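A look at the structure
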Amino acid sequence: MKPFIRALGIARVLLRHRLDGLLENTAFGRWLWLLRPFAGVRNEEANLPRGQRLRLALQELGPIFVKFGQILSTRRDLMPPDVADELALLRDQVAPFDGALARAEIERALGKPIEASFASFDATPLASASIAQVHAAVLPDGREVAVKVLRPGIRAKIEADIALLRSLAALADRHHPSADKIRPQEIVSEIETTLHAELDLQREGANASLMRRLWANSDDLYVPEVHWPLSGETVLTMERVRGIGSDDIAAIDAAGIDRRRLAEKGVRVFYTQVFRDNFFHADAHAGNIWVDTARAENPRFIALDFGIVGQLTSRDQYYLAENFMAIFQRDYRRIAELHVEAGWMPAHLRIDELEAATRAVCEPYFTRPLSQISLAEVLLKLFRTAQRYELTLQPQLILLQKTLLNVEGVARQLDPELDIWAVARPVLETILRERYSPRTLLGEFRKRLPELVTQAPDMPRLVRDWLAQQVSGAHTLHMQSNELAELAKISREGQRQTVFAILGTGLLIVAAVLFSFDRGGPHFFSLTAATWLAGLGAFGAFLAAWPRRR
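Figured I'd write up the structure that's included with this text.

Definitions and limits used
Residues numbered from 1 in each chain as written. Predicted model: local features only at pLDDT ≥ 70, side-chain atom pairs only at ≥ 80, totals over all residues. Heavy atoms only, no water. Phe/Tyr/Trp six-rings, centres within 6.5 Å; stacked < 30°, edge-to-face > 60°. Helix = DSSP H or I, 4+ residues; strand = E, 2+ residues; numbered from the N terminus. Buried < 20%, exposed > 50% of the residue type's maximum accessible area, 1.4 Å probe, protein only. Lys NZ or Arg CZ within 6 Å of the ring centre and 35° of its normal. Pairing = 2+ DSSP bridges.

Attention shifts here to the packing of aromatic side chains. Counting across every chain of the model gives six aromatic pairs. Here Y271 and F324 contribute two aromatic rings whose centre-to-centre distance is 5.5 Å and whose plane-to-plane angle is 75°, an arrangement assigned as edge-to-face. Pair noted here: Y271 is in helix α14 (residues 259-277) and F324 is in helix α15 (residues 314-328), with a separation of 53 residues, a long-range link. For the pair Y271 and F324, one class covers both residues: buried. Members of the aromatic cluster, joined through ring pairs, are F270, Y271, F275 and F324. Over the ring of W215 we find R276; its NZ or CZ atom is 5.0 Å from the centre of that ring.

Another aspect to go through is the environment of E107. With respect to the helices and strands, E107 occurs in helix α7 (residues 99-110). Taking relative accessible area as the criterion, E107 reaches 27% and is therefore assigned partly exposed. Sequence separation between E107 and S117 is ten residues; the distance between their C-alpha atoms is 8.9 Å.

Spatially, β5-β10-β9-β7 is the arrangement adopted by the four strands of the open sheet, whose pairing is mixed. Of all strands in the sheet, those with a lone pairing partner are β5 (221-222) and β7 (244-245), marking the two edges. When β5 meets strand β10 (residues 301-303), the two strands line up parallel, connected through two bridges. Bridge assignment links Y222 to a residue of β10, and that residue is I302.

With nine of ten residues buried, helix α16 (residues 332-341) lies mostly within the body of the structure. Three or more residues of α16 are buried, namely Y332, R334, I335, A336, E337, L338, H339, V340 and E341. A positive backbone phi angle near 85° is found at G343, which sits one or two residues after α16.

A word on the pairing of strand β4 (residues 144-150). Counting buried positions along β4 gives six out of seven residues, so the element sits mostly inside the fold. When strand β3 (residues 132-138) meets β4, the two strands line up antiparallel, connected through seven bridges. By the bridge assignment for β4, H135 is matched with V147. Linking two consecutive strands that pair antiparallel, namely β3 and β4, is a turn of five residues; a positive phi of about 95° is found at G142 within it. When β4 meets strand β6 (residues 235-239), the two strands line up antiparallel, connected through five bridges. Counted as the bridge partner of V147 is T237 from β6.

This is how it looks when you write it as structure tokens:
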């Protein structure tokens, strides 16, 4: 019942701000007029610009809708300028809440009066967003800080919106013909996880602290310091920084900053965070990404608001990197093969058909100058094409897709002629060379070796038990359809992986047997020899499991 009431509330807000015209061609819009007598339509807004009416409506609807508006504001290449300008105000100019409430929450969270924590505290907020607002303060030692505090009652609002999304996802599960591919419940779960992470400011502080370490002494990105004694779940105190919003082109030009160089750095930072650090800022709109005015000769960005960060599994990292490289190289067959290998598309598809469809989407773009190509637009069209071929949506990649749109939007604002692909390609190639270099592989092997050696003594017993089950006929095999599909996929990996797997397992077994015989005997049967054999066996197994590169 609550989701239904929330849906009615959303409809009333749209009507009240005279935005029903946006939905007139939808099934929902055809019934919206029934609520007009109960909506309290604001006639005084009739003459307001459409962008302002949309901003006011999203602001009234709450955090999820404000986030949506923030994303739209970064894509000035896709949005009308008047709408984009208004939506940009949602980044840090949402209607603030009373400073006295903020002061009371800070005192409650820190367990002491404001005067005991800060030499001065400004009750007028520096910025106000959908989930929290920020106040300026000064520490007793004279350092300037920014104090972030959650909005009162924000958890209840988010829970109401999540409940509505859950209801819509349940409807899609029951009635949408491709629900198993869209996976609406998993998508809502991903959104819910992200929003709940934003409500924990201690977690945000930990994100900022890690990103600061990863980019220490960088010429490309600066992350302010967290003051942990004055931080908690509902309050976060950080070093106060100053800069220019990355979309304030006039101010950037007035500061004498090279916008082209800055835009290139933005692209490099994104790909480095995703593929080197596996820890990327996933709310990278202009309100959270500033430009350091103190470094006009060597510009760098300042990152703010670390409530939403993204990480990927090593498997997703690999297949994403390979997909990007295949796009850069116009290797359409490789793109098709990667989507099947990753499990994003079913194995029964004909690779040549998927290759042809991919070529049909990409080739027209490559006939244009690269500076006129939007990578986000190409990926979106590839996504739509893949849906026709039974693409399974990957909820864990939603944040990355959103961030890619944000980053490309910011970069193109700084330099509309930026050749994003030319900047991204060498960064990705360098990272991949380092990721799969012998030194890196040896380091991974060294990290795993103690675990393998620890487990090696159990191998002879496990092998004996398994062989005994085979002889007695007591062994049973339980498999599900998804496991059969995984076996089919493994079989396609070829003889190389099989050879490495057999060799690696055999060496591990031999090492385990030698270890079991070692009781101070000859050197050949020493723990050192067993360890080396275990290491070689583990390396063989590691090569067998490593994704293929072409």
